[in-house]
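Fold and contact review
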Amino acid sequence: MNKKTIVVKFGTSTLTQGSPKLNSPHMMEIVRQIAQLHHEGFRIVIVTSGAIAAGRHYLNHPTLPPTIASKQLLAAVGQSQLIQAWEKLFAIYDIHIGQILLTRADIEDRERFLNARDTLHALLDNHIIPVINENDAVATAEIKVGDNDNLSALVAILVQAEQLYLLTDQQGLFDSDPRKNPQAKLISVVDKITDHIRSIAGGSGTNLGTGGMSTKIIAADVATRSGIETIIAPGNRSNVIVDLAHEQNIGTKFTAHHSDRLESRKQWLFAAPSAGEITIDEGAEQAMLMQNKSLLPAGIVAVEGRFSRGEVVKIYNQAGKNIALGMPRYNSDALLLIKGKKSQEIEAVLGYEYGAVALHRDDMIIL
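Rules behind the numbers
- Residues numbered from 1 in each chain as written.
- Predicted model: local features only at pLDDT ≥ 70, side-chain atom pairs only at ≥ 80, totals over all residues.
- Heavy atoms only, no water.
- Salt bridge = Lys/Arg side-chain N within 4 Å of Asp/Glu carboxyl O.
- Helix = DSSP H or I, 4+ residues; strand = E, 2+ residues; numbered from the N terminus.
- Buried < 20%, exposed > 50% of the residue type's maximum accessible area, 1.4 Å probe, protein only.
- Polar contact = N/O pair within 3.5 Å; in protein donor to acceptor, adjacent residues only side chain to side chain.
- Phe/Tyr/Trp six-rings, centres within 6.5 Å; stacked < 30°, edge-to-face > 60°.
- Lys NZ or Arg CZ within 6 Å of the ring centre and 35° of its normal.
- UniProt positions renumbered as here; feature names shortened; annotations may be inferred.
- Pairing = 2+ DSSP bridges.
- Axes fitted to C-alpha atoms, helices over the stretch in contact; angles between N-to-C directions.
- Contact = heavy atoms within 4.5 Å.

1. So, the pattern of salt bridges
- Under the criterion given, the structure shown has 13 salt bridges.
- One salt bridge in this structure joins Arg225 and Asp221, with 3.1 Å as the shortest N-O distance. Of the two residues, Arg225 and Asp221 are both situated in helix α9 (residues 213-225); the distance of four residues between them amounts to about one turn of the helix.
- We classify Asp221 as buried; its relative accessible area is 14%.
- Through salt bridges that share partners, Asp195, Arg198, Asp221 and Arg225 make up one connected network.

2. Quick look at the side chain of Asp363
- Residue placement: Asp363 occurs in the loop between α14 (346-350) and β13 (364-366).
- Polar contacts involving the side chain of Asp363 include one to the side chain of Arg117, which spans 3.1 Å.

3. Here's the deal with the packing of aromatic side chains
- Counted by the stated rule, this structure contains four aromatic pairs.
- Taken together through their ring pairs, the aromatic side chains of Phe10, Trp86 and Phe90 make up a single cluster.
- Between the NZ or CZ atom of Arg309 and the centre of the ring of Tyr354, over which it lies, the distance is 3.8 Å.

4. Some details on the UniProt feature "binding site: ATP" (unreviewed entry) in the protein chain
- UniProt tags Lys9, Thr168, Asp169, Thr210, Gly211, Gly212, Met213, Ser214, Thr215 and Lys216 as "binding site: ATP" (unreviewed entry).
- Topologically, Ser214 is positioned in helix α9.
- Accessibility expressed as a relative area gives 26% for Ser214, which makes it partly exposed.
- The topology assignment puts Lys216 in helix α9.

5. Description of the sheet that holds strand β10 (residues 300-304)
- Strand order in this open sheet of five strands is β10-β9-β11-β12-β13, and the pairing throughout is mixed. Every other strand in the sheet has two partners, leaving β10 and β13 as the edge strands with one partner each. Here the average twist between neighbouring strands, direction ignored, is 25°.
- On top of the sheet, helix α12 (residues 282-291) reaches β9 (276-280), β11 (313-316), β12 (322-326) and β13; it is set at about 100° to β9, its chief contact.

Have a look at this one:
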């Protein structure tokens, strides 16, 4: 049963329903829908806002100076409240959740990117629902993704999701501001995000969260370029998550650019300078170029430079020609120890293993 992977992002306004605290009955309804899809075999990842709102309520709405430290204080207190709220509700359905706190640094650093990706896949493979939030308690302006809309797009890329749902207090994207123009019409499908689409998205719509419609458009742009269909939909609509998963037309759908889904994901991955070189034998070269295969340790002849797991390296054939770029699953020290060895020997040599391949086909561009 190989159902699609869906990332669902909940804004603060969706979780609080406009009140100053988390709305437990509404969160219960969200969990009921996700539990249904989970039991149907869908792989669901939650990106949740609401930590600061939860912290403010838990501390009985204290008067704090308007500083970053105050926000981080509220996030530090509220994060545990938020995750407990999700945990208690999912426990009713005997579903386990796993919390991951991320910052932009976790996604831009190659090794941390791979570690986050491996953790997410391990959770999903073991039927545990990942619940993700930005690590607001430690994030500074420099390392913040900035809002959970964009975080959810990056998470969707991390888990190679088919769909991203941005649930909000709006019905979707309108052709003009529905609060000012009663004649505003909902745009049901956006094939291409143009300057016109960006301009009608306008500014932030709610004072509770940090994201408005404009951040959702930016997130949709990032996700659709990587082949992920994105839908902005009303979080308070009855059964919205289940209906979206079953292909009902709700809100505004941004169609995915499927021309070369994997390559567009790779272009995003490979925006880094190369940190080292791997030389491979003729058999490995044939397997990679002709049969679209991953690189096994047995095919590695030489390793140059010092690099971490997940940093970009150049791959050369024995004639000295640069034939590919890739992100190895092992660092340079480990590759020096396992080069020329069979995959089943990796654990015996290293004392651990990150899988049978030295460099996976999905993390490689043939030049």
